[in-house]
Amino acid sequence: MSSLTGKVALVAGATRGAGRGIAVALGEAGATVYCTGRSAGGRRSEYDRPETVEETAALVTAAGGEGIGAGVDHLDPEQVAALVARIDREQGRLDVLVNDVWGGERLIEWERPVWEHDLAGGLRMLRLALETHLVTSHVALPLLIRRPGGLVVEMTDGTWAYNGPRYRNSTFYDLAKAGAIRLAFTQGHELAPYGCTAVALTPGWLRSEMMLEAFGVTEATWREAAQPHFAAISESPRFVGRAVAALAADPDVHARNGGSYSSGGLAQEYGFTDVDGSRPDCWRYLVEVQEAGRPADATGYR
């Protein structure tokens, strides 16, 4: 795969999970990828996990691209500005911006009403999910719009069609994920005069490092997870990464400007697969199988 050779991408929040999968998939396609996050240079985020952006950058290079790791707190405009100045100095261009910063997993209080949810934790969740994206776009988009064809991907959980009529776990979480979808729409409106595009993108049930650990399985043994629907329909982080690579390589991507998409839906259109050769369509499965109370069975969904 070399469809993105010569292209420069910034994946903000590339330490683990979807961000790492996206960075590596962009590397598969030949891109130069700046991989950022707080877990770098021996420092860790509040997740206190071992994954680092340096490891992600090495995986990008091994996949065929050029990976460059940089420790950045995307809540700090000065740190983001220094990063973008470095990209400009070293590359003179930015073709793809992926706003994937999250970090709020341990702040969610499931099904707890807003008046009972920890306020500090809820507000922190919103800062991590939305303020980081706004800061990064504010600083990076002047570089991206220098050339027509630039792409911004706002990572979220759920499509607009799925989230719209559903309560997503808590008021704070719901706002965080709906907000990212709206950010894609508004940025798409503002980018259009420059020939650039913004979309929102969601993975399905993701086999992130944290999720695999929670279920006591590995990427090699995920089908043995006790949660039957996870064992049936989950996807690797590389799958949503290949969705980003397909979007970035599509000369007609502007037709999707402002829209909300899923990895499984885009796989049906672009033809890419997960690392096992399948095309899991998680969001259709969630509605038609899991939420319908049917036994776990991915037949017809991957």
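Residues numbered from 1 in each chain as written. Predicted model: local features only at pLDDT ≥ 70, side-chain atom pairs only at ≥ 80, totals over all residues. Heavy atoms only, no water.

Caption draft 1: Seen up close, the packing of aromatic side chains. Enumeration over the complete set of coordinates arrives at eight aromatic pairs. Centre to centre, the rings of W205 and F230 are 5.6 Å apart; their planes meet at 80°, and the pair counts as edge-to-face. Within this pair, whereas W205 is found in the loop between β6 (197–202) and α7 (209–215), its partner F230 is found in helix α8 (residues 228–233), the two being separated by 25 residues in sequence. Accessibility classification places W205 together with F230 in one group, the buried group. Ring pairs connect the aromatic residues W102, W110 and Y173, which therefore count as one cluster. (Phe/Tyr/Trp six-rings, centres within 6.5 Å; stacked < 30°, edge-to-face > 60°. Helix = DSSP H or I, 4+ residues; strand = E, 2+ residues; numbered from the N terminus. Buried < 20%, exposed > 50% of the residue type's maximum accessible area, 1.4 Å probe, protein only.)

Caption draft 2: Up close: the nonpolar core. Counting residues in each nonpolar core, the largest one holds 35 residues, and the members touching the most others are L26 and L201. In terms of residue count, the dominant contributor to this core is helix α9 (residues 237–249) (seven residues). Core analysis: the next-biggest nonpolar cluster, separate from the first, contains 22 residues, V8, V139, A140 and V152 among them. (Core = buried A, V, L, I, M, F, W, Y, C linked by side-chain atoms within 4.5 Å.)

Caption draft 3: Expanded view of the sheet that holds β6. Spatial ordering of the open sheet is given by β3-β2-β1-β4-β5-β6-β7, a layout of seven strands whose pairing is parallel. The open sheet has two edge strands, β3 (66–71) and β7 (260–262), and neither has a second partner. Between one strand axis and the next, the sheet turns by 20° as a mean value, whatever way the strands run. Of the pairings in the sheet, the one linking strand β4 (residues 96–99) to strand β5 (residues 151–155) comprises four bridges and is parallel in character. Among the inter-strand pairings, L97 is bridged to a residue of β5, identified as V152. (Pairing = 2+ DSSP bridges. Axes fitted to C-alpha atoms, helices over the stretch in contact; angles between N-to-C directions.)

Caption draft 4: Region of interest: the packing of helix α4 (residues 119–144) against helix α6 (residues 171–191). For the pair α4 and α6, interaxial distance at closest approach is 10 Å and the crossing angle is 15°. In this view, α4 runs roughly parallel relative to α6, as classed from their interaxial angle. Here α4 and α6 pass one another in a crossing that is right-handed. Across the interface between the two elements, L119, G122, L123, M125, L126, A129, L130, H133, L134, S137, L141 and L144 from α4 touch F172, Y173, L175, A176, G179, A180, L183, Q187 and L191 from α6. Considering only residue class, the contact of α4 with α6 consists of 16 nonpolar, five polar and no charged. (Parallel < 35°, antiparallel > 145°, perpendicular 65-115°, else oblique. Left-handed = near helix turned anticlockwise from the far one by under 90°. Contact = heavy atoms within 4.5 Å. Nonpolar A, V, L, I, M, F, W, Y, C, P; charged D, E, K, R; others polar.)

Caption draft 5: Here's a closer look at α9. Along its 13 residues, α9 runs 19 Å from first to last C-alpha, staying within 8% of the 18 Å computed at 1.5 Å per residue. Most of α9 is tucked away: 10 of the 13 residues are buried. When α9 is considered as a whole, its buried residues turn out to be P237, F239, V240, G241, R242, A243, V244, A245, A246 and L247. Contacts from the buried residues of α9 go to α1 (17–28), β4, β5, β6 and α10 (263–270). (Expected span 1.5 Å × (residues − 1).)

Caption draft 6: Geometry of unusual backbone geometry. Positive phi outside glycine occurs at E111, with the angle close to 60°. Along the chain, the position of E111 falls in the loop between β4 and α4. By relative accessible area, E111 is classed as exposed at 54%. In this model, N169 sits at a positive phi of 80°, which is unusual for a non-glycine residue. Mapping N169 onto the fold places it in the loop between α5 (160–163) and α6.

Interpretation note: all reported values are geometric properties and have no functional meaning in isolation.
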